[in-house]
Amino acid sequence: MTTVSRRKFLSRIGAGTALLSVPSITSLSSDFFQGEKKLNIALVGLGYYSEFKLATALQETKHCQLAGIVTGTAAKAEKWKKQYNLSEKNIYNYQTFDRIADNKAIDVVYVALPNSMHHEFVIRAAKAGKHVICEKPMAVSVKECQEMIDACNKAKVKLAIGYRLHSEPYTQEAMRVGQQQVFGKVKIVESSMGFKIGDPTQWRLKKSMAGGGAMMDVGVYAIQAARYSTGEEPLYVTAQEFKTDPVKFKEVDETIFWQLEFPSGAVANSQTTYASSMERLFISAENGWLELRPAFGYGPIKGRTSQGELNLPNVNHQAMQMDDFALCLKENRESPVNGEEGLKDLKVVEAIYKAIATGGKVKI
Ligand code: NAD
């Protein structure tokens, strides 16, 4: 199967798992559907990810482009305006943001703010009639995720989560191997994602801003991986927390190990941490295995199976991700990484925290 046909296949799987009503696309600038005009994206929050990954990726995208910004810092607005030749009318701050409703030159709002702000800004974007991409984790609770989905449905706009790996060829191969049982039924998945966090004053270590620690930030990659490697939703979870620096990690989790049980009997054993670097996905099936290592970072991702090395294209994850969403809008398809996908991961996150608190097995 070629990468392109795999991507189509996976898009279909995603569409099948998310039976949301299909929103209309009337709020898109009509020019987008005439000829090759690119979809116009406004980035909300000009921090690390926007500056060094999204804005740069938007210089490579075929179907969308950087057209606007929303920032609380006037100096950043000035810098970005010059650097990307942005029109003054496409520049907003957090107070003026809602006026974007009247701006036909913006089609999509991309929320790349601290986790606890995703809920508010996705709902404001939806109310302004804009399609939305929201960074991971989708929000800090299942309740917030549901409210964001409801707001987007009500406004008839599409919502995608920034799960860039769904547009990445090695990850797509892992999905194919697991979901199509290329090596037979998946029995065991091991997934781990962590890094050594620096600055002790940053928002990622504040519960009110981050919602949690390593689990919320990068544990979601390991949860996602277990779900897309099996193509199933987990039934039960057990989990264990470890803390080596109770001062730095006073408010949030440092290291968590957890185990998910799937309906087929497959088991995932996963870890996340802010203490050291790790990223690996291992899928063990009846007649073979697949390993990605590194598995979840910006690449190059590397992989191998029980039949040999994988040699797949290395792509710009964010450019592929945003182009995939632009095509979903153009073709009026639901994104395979829609709000339901984000909510399913938050369901698991909440169950993991509950399993730690109770010390027992939790039904998801
Ligand atoms: P960052 O700290 O570099 O940027 C956050 C931005 O939000 C800054 O511009 C900051 O000024 C702004 N902001 C507005 N109000 C704020 C407040 N009250 N406190 C702190 N900052 C405030 O963070 P980042 O690394 O760019 O992460 C932003 C989002 O993107 C997070 O949700 C994160 O999980 C996600 N992210 C995703 C990926 C990925 O690979 N998909 C990678 C990195 C980050």
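Rules behind the numbers
- Residues numbered from 1 in each chain as written.
- Predicted model: local features only at pLDDT ≥ 70, side-chain atom pairs only at ≥ 80, totals over all residues.
- Heavy atoms only, no water.
- Helix = DSSP H or I, 4+ residues; strand = E, 2+ residues; numbered from the N terminus.
- Rg over C-alpha atoms; globule rule 2.2 N^0.38 Å.
- Contact = heavy atoms within 4.5 Å.
- Areas by Shrake-Rupley, 256 points an atom, 1.4 Å probe, with all protein chains shown as cover.
- Near = heavy atom within 4 Å.
- Polar contact = N/O pair within 3.5 Å; in protein donor to acceptor, adjacent residues only side chain to side chain.
- Nonpolar A, V, L, I, M, F, W, Y, C, P; charged D, E, K, R; others polar.
- Domains from an automatic or database assignment.
- Buried < 20%, exposed > 50% of the residue type's maximum accessible area, 1.4 Å probe, protein only.
- Patch = residues over 30% accessible without salt bridge, like charges linked within 9 Å, V, L, I, M, F, W, Y side chains within 5 Å.
- Salt bridge = Lys/Arg side-chain N within 4 Å of Asp/Glu carboxyl O.
- Pairing = 2+ DSSP bridges.
- Axes fitted to C-alpha atoms, helices over the stretch in contact; angles between N-to-C directions.
- pLDDT = per-residue confidence, 0-100.
- Buried area = accessible area lost by both parts, 1.4 Å probe.

Asks: How would you explain the overall build of the protein if you had to name every residue and give the values?
Replies: The helix and strand tally for the protein stands at ten helices and 15 strands. For 364 residues, the compact-globule estimate of 2.2 N^0.38 gives 21 Å, and the protein sits close to it at 20 Å. Here the C-alpha coordinates of the protein stretch approximately 55 × 50 × 35 Å along the principal axes. In the protein, once contacts between residues fewer than 6 apart in sequence are set aside, the share between residues at least 24 apart is 70%. When the accessible surface of the protein is summed, it comes to about 15,300 Å², and 53% of that surface belongs to carbon and sulfur atoms.

Asks: Tell me about the site of the ligand, residues and numbers included.
Replies: Taken together, the neighbourhood of the ligand is formed by 23 residues, with Tyr-48, Asn-115, Lys-136, Arg-164 and Trp-203 sitting nearest. Side-chain polar atom of Lys-76 to an oxygen atom of the ligand: 3.1 Å apart, as the coordinates give it. One of the side-chain N or O atoms of His-118 is found 3.0 Å from an oxygen atom in the ligand. Look at the ligand: alone it shows 830 Å² of surface, and the protein chains cover 79% of it. If you list the elements that add at least two residues to the shell around the ligand, you get helix H2 (48-57) and helix H8 (214-230). Residue composition of the shell around the ligand, by class: 13 nonpolar, four polar and six charged. Looking at which domains feed residues into the shell around the ligand, each of domain 1 (3-165 + 320-338) and domain 2 (166-312 + 345-363) supplies at least three.

Asks: Explain unusual backbone geometry to me, using residue names and the numbers behind them.
Replies: The omega torsion across Lys-136 and Pro-137 is -15°, close enough to zero to call that bond cis. Tracing the backbone shows Pro-137 in the loop between strand S5 (131-134) and helix H5 (142-155). Here the residue pair Arg-293 and Pro-294 is connected by a cis peptide bond, since its omega of -5° sits within 30 degrees of zero. In this fold, Pro-294 is placed in the loop between strand S12 (288-292) and strand S13 (303-305). Even without being glycine, Gln-181 reaches a positive phi, approximately 50°. Mapped onto the fold, Gln-181 is located in the loop between helix H6 (169-179) and strand S7 (186-194). Given the relative accessible area of 43%, Gln-181 is considered partly exposed.

Asks: Go over a nonpolar patch on the surface, please, and point to the residues and values.
Replies: A cluster of nonpolar side chains, Tyr-48, Phe-52 and Tyr-298, forms an exposed patch at the surface whose accessible area comes to about 330 Å². Mapped onto the fold, Phe-52 is located in helix H2.

Asks: Please set out the sheet that holds strand S9 (residues 255-261) residue by residue, giving values where relevant.
Replies: Spatial ordering of the open sheet is given by S14-S13-S12-S11-S7-S10-S9-S8-S15, a layout of nine strands whose pairing is mixed. Looking at strand neighbours, the two that pair on one side only are strand S14 (308-309) and strand S15 (362-363), the edges of this open sheet. Against the sheet, H6 makes contact with S7, strand S11 (278-285), S12 and S13, and its axis sits at roughly 160° relative to S12, the strand it touches most. Set on the sheet, H8 makes contact with S7, S9, strand S10 (267-273) and S11; between it and S7 the angle comes to about 160°.

Asks: Residues and numbers for the confidence of the model for the protein, please.
Replies: The pLDDT averaged across the protein works out to 92; a share of 90% of its residues lies at or above 70. The low-confidence segment residues 1-26, where pLDDT is below 50, has 45 contacts with residues more than four positions distant or belonging to other chains.

Asks: Requested: an account of the domain arrangement of the protein, with residues and values cited.
Replies: Under the domain assignment used here, the protein contains domain 1 (3-165 + 320-338) and domain 2 (166-312 + 345-363). Measuring from the centre of the C-alpha atoms in domain 1 to the corresponding centre in domain 2 gives 25 Å. Listed per partner, the contact involves 28 residues of domain 1 and 32 residues of domain 2. For the pair domain 1 and domain 2, the summed buried surface comes to about 2,600 Å²; carbon and sulfur atoms form 61% of the total.

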